[in-house]
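The chain contents come next:
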Amino acid sequence: MKVFVNLGSLAKPFVAPLPYFDVYSGVSLSPTFSVQNIYIYADTDASTVIQNNVKYLQYRYVLIPGGVGGVMKHTNWNDYNQVKVALGLTN
C-alpha cells in the first residue's frame with residue numbers, strides 16, 4: 001500500500017509520497033496501517049481544507065496488487081504520476 005498527499009490543488013497538483021517531511025515548515029506526515037484502516041499521523045492539523053472553493057491536502061492511497069512487483073520493477077513507487085501510469089489509474 002502506498003499513500004500520497006496532494007499539497008496543491010486539483011488544477012495545480014503537487015503530489016508527495018508519505019511519509020513526508022517539509023524542512024522549511026517542519027510539517028511531518030506519516031501513515032500507519034491496520035486491517036481496513038489507514039492512519040495519518042501529523043504534527044499539525046493536516047485535514048483536507050477548502051479555501052476559495054479549492055480543496056487542499058487531499059489524500060490518495062494505492063493498493064498495489066500482489067502480482068505486479070516483478071512486472072513493474074522499474075516503476076518509481078514514490079512518483080504518483082508513474083504509479084498512475086503503471087496501474088492505469090485516473091484521479
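Predicted model, so just to flag it, every value in this text is computed and none were measured. (Residues numbered from 1 in each chain as written. Predicted model: local features only at pLDDT ≥ 70, side-chain atom pairs only at ≥ 80, totals over all residues. Heavy atoms only, no water.)

Caption draft 1: Quick look at the environment of Tyr24. Along the polypeptide, Tyr24 turns up in the loop between β3 (20-21) and β4 (28-34). Through-space distance from the C-alpha of Tyr24 to that of Val35 is 34 Å; in sequence the pair is 11 residues apart. (Helix = DSSP H or I, 4+ residues; strand = E, 2+ residues; numbered from the N terminus.)

Caption draft 2: Quick look at the environment of Leu87. By secondary structure assignment, the location of Leu87 is in helix α1 (residues 80-87). Note on Leu87: relative accessible area 22%, which makes it partly exposed. Note: C-alpha distance between Leu87 and Ile64 (23 residues apart in sequence) is 8.3 Å. For Leu87, the contacting residues outside a window of four places in its chain are Val62, Pro65, Met72 and Trp77. (Buried < 20%, exposed > 50% of the residue type's maximum accessible area, 1.4 Å probe, protein only. Contact = heavy atoms within 4.5 Å.)

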